[in-house]
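# Geometric and topological summary
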Amino acid sequence: MLRKRELSDCHVLYDLMIDPAVFPFVRHKAYSYDEFLFLTKQTIEAEERGELISRTITDEWGNPIGTINLFDVQAGTGFLGTWIGKPYFGKGYNQLAKDAFFSELFFELDIQTVFMRIRKENIRSLKAAQKLPYNTLANEIRPDVYEYINSNGPIYDLFQIEKDQYHLYNIREHNTQANDENHLKEA
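Below is a summary of the structure that appears in this document. Counting from 1, residues in each chain are numbered in the order their sequence is written. Local features in this predicted model are restricted to residues whose pLDDT is 70 or higher, and side-chain atom pairs enter the listing and the counts only when it is 80 or higher, whereas totals over whole chains, interfaces and linings include all residues. Heavy atoms from the whole structure form the basis of all side-chain values; hydrogens and water molecules are not counted.

## Some points on a positive patch on the surface
On the surface, Lys86, Arg124, Lys127 and Lys131 cluster together into a positively charged patch. Tracing the backbone shows Arg124 in helix H4 (residues 123-131). Patch rule: a residue counts if its relative accessible area is over 30% and it has no salt bridge; like charges are joined within 9 Å, and nonpolar side chains (Val, Leu, Ile, Met, Phe, Trp, Tyr) within 5 Å. Per-residue and other accessible areas follow the Shrake-Rupley method at a 1.4 Å probe size, with only the shown protein chains counted as cover for residues. Salt bridge, as applied in this entry: a Lys or Arg side-chain nitrogen positioned within 4 Å of an Asp or Glu carboxyl oxygen. Positive charges come from Lys and Arg alone, negative charges from Asp and Glu alone, with His and the N- and C-terminal ends not counted. By convention, the point assigned to a charge is CZ for Arg, NZ for Lys, CD for Glu and CG for Asp. The secondary structure listing takes helices from DSSP runs of H or I that are at least 4 residues long and strands from runs of E that are at least 2 residues long, numbered from the N terminus.

Here it is as structure tokens:
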């Protein structure tokens, strides 16, 4: 589902990224394949320096379908950036990718808080964020961060995912699944 970024994925990812349904919402835009290759190389190097965390999202067969990133990593926090190619919209990949990425961030890499800034007009991303049961709208509870991301006017809504919230969600899900399995065995 996720793997470290590789230059060999760039052709497929670039073709998916330039789709008009995707391109406006990508944080690091590339206007040519060569620029995308250069940005990917910079991303790989920035991860080696601990500035960000970036993964390629793959489908069931290991084909690249998008990227998921934690930008501006500092003091156990960072900003999430995700995009998936249009042919893969609505097929559950976003949720699977986020679950895998959050598990890595929180339980392997010691990240404590993940922020998501989502453009108020990006209805697709807002709906996806609202579906995450461990996600909190943080416009009012984190006014410092909200003001920082909206220094040029109210463009973004701010969401946050705390490690503790995510961990509790996983525990509840595990308990629910265990209870469901026990009921099936008893039936």
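There's plenty left to go through after this.
## Structural notes on the sheet that holds strand S2 (residues 53-58)
Reading across from one edge, S1-S2-S3-S4-S5-S7-S6 is the order of the seven strands in this open sheet, with mixed pairing throughout. Two strands close off the open sheet at either side, each with one partner strand: strand S1 (2-4) and strand S6 (136-137). One bridge is not enough; two strands pair if DSSP finds at least two bridges between them.

## Examining the environment of Ile123
Relative to the helices and strands, Ile123 is located in helix H4. Any residue under 20% of the maximum accessible area for its type is buried, any over 50% is exposed, and the rest in between are partly exposed; the area is computed with a 1.4 Å probe on protein chains only. Take Ile123: its relative accessible area is 48%, and that puts it in the partly exposed class. Separated by 26 residues in the primary sequence, Ile123 and Ala97 place their C-alpha atoms 19 Å from one another.

## Describing the packing of aromatic side chains
Within 6.5 Å between ring centres, the rings of Phe, Tyr and Trp (the latter by its six-membered ring) count as paired, and their orientation is classed by plane angle as stacked under 30 degrees, edge-to-face over 60, tilted in between. Overall, the coordinates contain 13 aromatic pairs when judged by the stated rule. Taken together, a centroid distance of 5.4 Å and an interplanar angle of 35 degrees make the contact between Phe79 and Phe115 tilted. Of this pair, Phe79 sits in strand S4 (residues 77-84) while Phe115 sits in strand S5 (residues 113-119); the two residues are 36 residues apart in sequence, bridging distant segments of the chain. The pair formed by Phe79 and Phe115 is uniform in burial state, with each residue classed as buried. Of the aromatic side chains, those joined through ring pairs into one cluster are Phe102, Phe106, Phe107, Tyr134, Tyr166 and Tyr169. Throughout this description, the term charge over a ring refers to an Arg CZ or Lys NZ atom that lies within 6 Å of the ring centre and within 35 degrees of the ring normal. Stacked on the ring of Phe71, the Lys or Arg Arg27 has its end atom at 4.3 Å from the ring centre. In this arrangement the basic side chain of Lys29 is found over the ring face of Phe23, its NZ or CZ atom lying 5.7 Å from the centre.

## So, the nonpolar core
If you look at soluble globular proteins, the nonpolar side chains tend to sit buried side by side. One finds Phe102, Leu105, Val114, Met116 and Ile161 to be the most contacted residues of the largest nonpolar core, which totals 25 residues. Among the secondary structure elements, those contributing two or more residues to this core are S2, strand S3 (64-74), S4, helix H3 (93-107), S5, H4, strand S7 (156-162) and helix H6 (163-186). The contact definition used throughout considers only heavy atoms, calling two residues in contact when any of these lie within 4.5 Å. Sequence-distant contacts of Val114, that is, excluding residues within four places in its chain, are made with Leu70, Gly78, Leu80, Phe102, Leu105, Phe106, Phe159, Gln160 and Ile161. Note on terminology: a nonpolar core comprises buried Ala, Val, Leu, Ile, Met, Phe, Trp, Tyr and Cys residues joined through side-chain atoms within 4.5 Å.

## Quick look at the packing of helix H1 (residues 10-17) against helix H2 (residues 33-48)
What counts as an axis is a line fitted to C-alpha atoms, over the stretch in contact for a helix, and the angles between N-to-C directions run from 0 to 180 degrees. It is the contact of H1 with H2, at a shortest axis distance of 10 Å, that shows an interaxial angle of 115 degrees. In this structure, H1 crosses over H2, and the sense of that crossing is right-handed. Contacts between H1 and H2 pair Cys10, His11, Leu13, Tyr14 and Met17 from the former with Tyr33, Phe36, Leu37 and Thr40 from the latter. Grouping the amino acids of the contact of H1 with H2 by side-chain chemistry returns seven nonpolar, two polar and no charged. The handedness criterion is simple: a crossing whose near helix is rotated anticlockwise from the far helix by less than a right angle is left-handed, and one whose near helix is rotated clockwise is right-handed. Residue polarity is assigned by list, with Asp, Glu, Lys and Arg as charged and Ala, Val, Leu, Ile, Met, Phe, Trp, Tyr, Cys and Pro as nonpolar; anything else, Gly included, falls into the polar class.

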